Amino acid sequence: MRNGELTLRGEHAPLLVIHGGAGVERAGMTPQIEAGARAAMELALRKGYAELKAGKAATDAVTAAIAVLEDDPLFNAGRGAVFTHDGRNELDASIMDGSTLAAGAVAEVHRVKHPILLARAVMEHSPHVMMVGDGAEKFATEQGFELVDPAYFRTERRWLELQKALKEDAAGVPLPERLRALKHFGTVGAVARDSEGRLAAGTSTGGMTDKRYGRVGDSPIVGAGTYANVACAASGTGWGEYYIRVSAAREICLRMTGLHESAAQAGKAVINDEIPQMGGDGGAIILGADGSVAMPFNTEGMYRGWIGADGVPHVAIYDNDPLALPPPTP
């Protein structure tokens with residue numbers, strides 16, 4: 001203790017980076033939504049950084065930050081999840097501890113208030129990595145999670161988005177590629193480095209508007225939407241089918257560990273080159289063990305931010321928003 005505050009145990013400067021989804025467009029933005037999103041990101045950063053400042057693990061910071069975004073109806077995760085074609089909310093999440101390569105994931109749950117916390121429970125209290133649907137919710141009950149009524153996740157904004165999509169389906173409206181892509185956006189995620197130098201990554205989503213047939217994207221798939229090892233942590237947001245095909249999050253980290261690329265170089269290669277060449281788009285947040293940060297994306301905007309030694313949240317939304325990244329701090 002020093003001056004009544006717990007001092008950090010390790011020698012590394014803690015760092016937390018978050019995203020609230022790529023695919024943000026100015027045309028669909030209002031001053032109220034923009035202000036609310038910035039406030040929510042700042043709160044998520046403060047909550048997560050408080051865990052790091054208290055000397056806790058990177059996984060604690062990741063879950064604390066993501067839980068805040070899952071509670072906010074502005075984001076496509078938790079309470080703000082989009083609706084499937086059948087009018088349901090189906091939630092996915094995953095988390096990975098880079099220091100041990102332990103991971104946990106859940107998919108297609110519809111009564112779990114904080115899917116990221118259940119993913120962590122799968123990692124820490126089961127021999128498995130992924131659980132889905134009713135089985136995951138049975139496990140949640142056994143672990144003491146309180147299940148909520150599915151109506152908890154309903155928001156009028158998301159319901160109207162589904163109704164619009166259903167009308168377009170019925171009319172056989174051919175959507176341009178840009179609008180088809182927008183259905184896939186809205187994931188939230190976090191990556192963190194704690195005072196011991198351990199890295200962690202987590203991602204949570206409500207999936208894509210109007211999805212059918214139990215579709216699952218990249219967010220709960222370790223290696224696609226989430227990955228962390230001793231050198232890198234990454235969380236993606238975008239058109240999940242493409243992130244799955246290239247194992248995007250792991251590919252970024254392998255480029256950093258095997259090819260010794262920087263976070264910026266690896267992010268550009270995967271997010272801005274490889275995925276768009278296949279027809280997909282999106283973004284990611286990347287954190288290196290050396291404290292380097294990259295936030296590549298190829299859409300008009302991506303909710304994003306970071307917090308470090310100064311304890312001040314730094315957030316941005318659009319591609320031309322000024323957002324200085326933290327300098328590498330071993």
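Residues numbered from 1 in each chain as written. Predicted model: local features only at pLDDT ≥ 70, side-chain atom pairs only at ≥ 80, totals over all residues. Heavy atoms only, no water.

Trainee: What is the right way to read the overall build of the protein chain from this model?
Mentor: Per the secondary structure count, the protein chain includes 9 helices and 12 strands. The C-alpha radius of gyration of the protein chain comes to 18 Å, within 12% of the 20 Å expected for a compact globule of 330 residues. Its C-alpha atoms put the protein chain at 65 × 45 × 40 Å along the principal axes. A burial count over the protein chain gives 56% of its 330 residues as buried. For the protein chain, the accessible area works out to roughly 13400 Å², and carbon and sulfur atoms hold 53% of it. Each charge class in the protein chain can be summarised by its mean position, and for the 32 positive and 41 negative side chains these summaries are 2 Å apart. (Helix = DSSP H or I, 4+ residues; strand = E, 2+ residues; numbered from the N terminus. Rg over C-alpha atoms; globule rule 2.2 N^0.38 Å. Buried < 20%, exposed > 50% of the residue type's maximum accessible area, 1.4 Å probe, protein only. Areas by Shrake-Rupley, 256 points an atom, 1.4 Å probe, with all protein chains shown as cover. Lys, Arg positive; Asp, Glu negative; His and termini not counted. Charge placed at Lys NZ, Arg CZ, Asp CG, Glu CD.)

Trainee: Looking at this structure, I do not really get the confidence of the model for the protein chain. What am I missing?
Mentor: Predicted coordinates in regions of low pLDDT should not be interpreted in detail. In this model, the protein chain carries an average pLDDT of 91, and 93% of its residues clear a pLDDT of 70 or more. Ignoring residues within four places in sequence, the model shows residues 1–7, a span with pLDDT below 50, making 5 contacts including any to other chains. (pLDDT = per-residue confidence, 0-100. Contact = heavy atoms within 4.5 Å.)

Trainee: What should I look at first to understand the packing of helix H3 (residues 115–125) against helix H4 (residues 133–142) in this one?
Mentor: Two quantities define a packed helix pair, namely the angle between the helix axes and the distance between the axes. Packing of H3 against H4 brings their axes to within 11 Å, and their N-to-C directions diverge by 75 degrees. On the basis of the axis angle, H3 is roughly perpendicular to H4. Here Leu-118, Ala-121, Val-122 and His-125 of H3 come into contact with H4, specifically with Ala-136, Phe-139 and Ala-140. Along the lines of polarity and charge, the residues of the contact of H3 with H4 split into 6 nonpolar, 1 polar and no charged. (Axes fitted to C-alpha atoms, helices over the stretch in contact; angles between N-to-C directions. Parallel < 35°, antiparallel > 145°, perpendicular 65-115°, else oblique. Nonpolar A, V, L, I, M, F, W, Y, C, P; charged D, E, K, R; others polar.)

Trainee: What's the story with the state of the cysteines in this structure? I'm lost.
Mentor: As used in these notes, a disulfide is a covalent bond between sulfur atoms, one from each of two cysteines. Using the criterion set out here, one finds 1 disulfide in the structure. Here Cys-232 pairs with Cys-253 through a disulfide, and the sulfurs are 2.2 Å apart. Where Cys-232 bonds to Cys-253 through sulfur, the torsion about that S-S bond is close to -65 degrees, and the disulfide is left-handed. Placement of Cys-232 in strand E8 (residues 232–238) and of Cys-253 in helix H8 (residues 248–258) is noted, with a sequence separation of 21 residues between them. Each member of the pair Cys-232 and Cys-253 is classed as buried. (Disulfide = S-S within 2.5 Å.)

Trainee: What exactly am I supposed to notice about the packing of aromatic side chains here?
Mentor: Working definition: an aromatic ring pair is given by the centre-to-centre distance plus the angle between the planes. The final tally for this structure, using the stated rule, is 4 aromatic pairs. Measuring from centroid to centroid gives 5.1 Å for Tyr-152 and Phe-153, while their planes differ by 85 degrees, and the two rings are edge-to-face. With a relative accessible area of 22%, Tyr-152 lands in the partly exposed category. With centroids separated by 5.2 Å and ring planes inclined at 85 degrees, the aromatic side chains of Trp-239 and Tyr-242 adopt a geometry described as edge-to-face. Taken as a pair, Trp-239 and Tyr-242 share a single burial class, namely buried. (Phe/Tyr/Trp six-rings, centres within 6.5 Å; stacked < 30°, edge-to-face > 60°.)

Trainee: What is the right way to read the sheet that holds strand E5 (residues 188–193) from this model?
Mentor: Either a parallel or an antiparallel arrangement is found when strands of a sheet pair, and the pairing is made through backbone hydrogen bonds. Read from one edge of the open sheet, 8 strands run E4-E3-E2-E6-E5-E1-E11-E12, paired in mixed fashion. Unpaired on one side and paired on the other, strand E4 (130–132) and strand E12 (314–318) mark the two borders of the sheet. Neighbour to neighbour, the strand axes of the sheet diverge by 10 degrees on average, direction disregarded. With 6 bridges joining them, E5 and strand E6 (residues 199–205) adopt antiparallel strand pairing. Within the sheet, the bridge partner assigned to Val-191 lies in E6 and is Ala-201. Across the sheet, helix H1 (residues 31–53) lies against strand E1 (15–22), E5, strand E11 (301–307) and E12, angled at about 145 degrees from E12, the strand it touches most. (Pairing = 2+ DSSP bridges.)

Trainee: What exactly am I supposed to notice about empty space enclosed by the protein here?
Mentor: One simple way to see leftover space: roll a probe sized like a water molecule over the atoms. Counted according to the given criterion, the structure contains 1 cavity of 30 Å³ or more. Within this model, the largest cavity holds a volume of roughly 70 Å³. Along its surface, the largest cavity is lined by 12 residues, and Thr-187, Thr-205, Arg-215, Asp-218 and Ser-219 are the ones closest to its centre. Among the residues making up the lining of the largest cavity, the classes are represented as 1 nonpolar, 8 polar and 3 charged. (1 Å grid on protein atoms, 1.4 Å probe; cavity = no way out; pocket = protein on both sides within 12 Å on 5 of 7 lines; lining within 4 Å. Points joined across faces, edges and corners; volume = space filled by probe spheres on them.)

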